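Architecture at a glance
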Amino acid sequence: MEIDPLIFRLSIFILAIFVGYYVVWSVTPSLHTPLMSVTNAISSVIIVGAIIAGLSGGSESVFNTSSIFGFLAIALAAINIFGGFLVTQRMLAMYKKKKKK
Amino acid sequence: MISANLSALFYLVSGVLFILALRGLSSPETSRQGNFFGIIGMIIAVTVTFLSIGNFSNGFIFVLIFILIGGSIGALIAYKIPMTAMPELVAGFHSLVGLAAVFVAISAFLNPEAFNLGFPGNIKLGSLIEMSIGAAVGAITFSGSIIAFLKLQGIMSGSPITFKGQHPLNAVILISIIILVYLLCSTQSPNLFWILLAASFLIGFLLIIPIGGADMPVVISMLNSYSGWAAAGIGFTLENTALIITGALVGSSGAILSYIMCKGMNRSFFNVILGGFGATDDTLGKKTKEQRPVKSGNADDAAFLMKNASSVIIVPGYGMAVAQAQHALREMVDTLKKNDINVSYAIHPVAGRMPGHMNVLLAEANVPYDEVFELDEINNDFANADVAFVIGANDVTNPVAKTDPQSPIYGMPVLDVEKCKSVLFVKRSLSPGYAGIDNDLFYRENTLMLFADAKKMTEDITKNLD
């Protein structure tokens, strides 16, 4: 009997939760704010769904009710991706070690 | 057009790169590289999506236009935002993730063929369940984050908004959301889908209004976690590994941060979520406020004490962020160092309005991160330090948390500031902190109160040090 692909995705999901658990515990507390902004940026990978939705109209009707929601979601996710990564980079650039005299 | 298997492999690669992005944050040295991995992962995910659709119809140009519009707005915000406004920014970003998840779910519900999920009115059951969960969590994330944003921005009062029957009402809405998901899946009715979204928006709003300003670290972390679960829900719908991995990472990251924040306040997660804590309880405040003598001083006294010290520990809090005093503070510390005085910074886990808030502000002011210590690392040093300089913190230094079982903050880990030879406490007035309780530290023998704006006082002290 074949295994439902859902089971595979569920396995990936559960294992990723564990990976996340151990990786995040190893994040130094002083970088918790960049952690939040970068998780923000990466969760905007939801843009892949938005792109599929935006292109769902095909060539005849670029804009229909369904694709408009897709395009809006693309814009929102893009704000997050660019904003999230750039602000993280800006913050991380500020963390400096003591200068040796 | 690339095959489904190949694109799935690429999505896996970008998922792994996202894991590395978080892994990089284990130390400041590796963090910049980590962020770079994250960006690469995102580029791979987006490119693969384009390639897997393959059909570059007219819509493609519009996709690019919307990415460009969103991207420039995002980039502009990222460069303009002051570091003190980071909590608001993060809350705002969470709301966008939530809303994007909702929009994708709506689009998939209206046009399931485009996603290979079946047909309108006959969507695959599994997909519909995943979709409705993703949409509901996304909607809760959106409206909850909007409230958090308004509270942090000060547009909405930071004090908790409570009313009678609040918890039963929330419970009823939450139960009806579950029933709605069930009904939606059995009837496939579009109306139920819209009602489900409306109910989820409403509950997100209702869940956050009773939570007070200083509990925002927990709220932001929690919403962070929700945005992850929403993304994962959509990831299951779209059968997309990158989205599932990312959702799981972000979900657990937010959950861990919430846990750390709750522990920092010695409160259970439910205690925070049920809200109402730190209601400006005037009766309580007045009853305990007996007239006790305090010693107050000026910048000159403070400068004198610090000049004669050999080690100083700085305890920053949210008040420092409000007064934008971080740069003035670093200048003061520079002067102290010139006089061969040892200076370190002590950060309480819940100082500020989001996890790590103080660290970012100090980093912005060019404070080297190896001078900044967490509670566990530095708490024993207070006993050997000469001066503790408390700037903008309050409840996290209150010794009552260790001594008085009646106190609402009893058991909360606090910085042992009172063990220092002398304590300088910069504060505008004697008003109690967020928890609404008096700080016993004000009345100690070794405490000198400096009543002033944090920034101005710090600048004055620096002048007096020369």
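Described below are features of the structure shown in this document. (Residues numbered from 1 in each chain as written. Chains lettered and ligands numbered in written order. Predicted model: local features only at pLDDT ≥ 70, side-chain atom pairs only at ≥ 80, totals over all residues. Heavy atoms only, no water.)

**Considerations on the pattern of salt bridges**
Residues and elements named next belong to chain B. Throughout the structure, instances matching the rule amount to 12 salt bridges over all chains. One salt bridge connects Asp 460 with Lys 456, and the closest N-O pair in it is separated by 3.1 Å. Of this pair, Asp 460 and Lys 456 both sit in helix H18 (residues 454–465), separated by four residues, roughly a single helical turn. The class for Lys 456 is partly exposed, based on a relative accessible area of 49%. Between Lys 463 and Asp 460 there is a salt bridge, with its nearest N and O atoms 3.6 Å apart. Residue Lys 463 and its partner Asp 460 are located together in helix H18, separated by three residues, close to a single helical turn. In this structure Lys 463 comes out as exposed when scored by relative accessible area, which is 59%. It is possible to trace a salt-bridge network through shared partners that takes in Lys 402, Asp 416, Glu 418 and Lys 419. (Salt bridge = Lys/Arg side-chain N within 4 Å of Asp/Glu carboxyl O. Helix = DSSP H or I, 4+ residues; strand = E, 2+ residues; numbered from the N terminus. Buried < 20%, exposed > 50% of the residue type's maximum accessible area, 1.4 Å probe, protein only.)

**Let's talk about the sheet that holds strand S8 (residues 447–451) of chain B**
Residues and elements named next belong to chain B. Pairing is parallel across the open sheet formed by six strands, whose spatial order is S5-S4-S3-S6-S7-S8. Only two strands of the sheet have a single partner each, and these edge strands are strand S5 (372–374) and S8. Here the average twist between neighbouring strands, direction ignored, is 25 degrees. One ladder, built from five bridges, connects strand S3 (residues 311–316) with strand S6 (residues 387–391); its direction is parallel. Counterpart to Val 312 in the pairing with S6 is Val 387. Packed onto the sheet, helix H14 (residues 326–338) meets S3, strand S4 (342–347) and S6 and runs at close to 145 degrees relative to S4. Packing against the sheet, H18 makes contact with S6, strand S7 (422–427) and S8, and its axis sits at approximately 145 degrees to S6. (Pairing = 2+ DSSP bridges. Axes fitted to C-alpha atoms, helices over the stretch in contact; angles between N-to-C directions. Contact = heavy atoms within 4.5 Å.)

**Considering helix H8 (residues 216–238) of chain B**
Side chains three or four residues apart in an α-helix point the same way, a direct result of the helix having 3.6 residues per turn. All names here are of chain B. Taking 1.5 Å as the rise per residue, H8 with 23 residues should run 33 Å; its terminal C-alpha atoms sit 33 Å apart, in good agreement. Judged by how many residues are buried, H8 sits mostly within the fold: 21 of 23 residues are covered. Downstream of H8 by a residue or two, Glu 239 has a phi angle that is positive, lying close to 55 degrees. (Expected span 1.5 Å × (residues − 1).)

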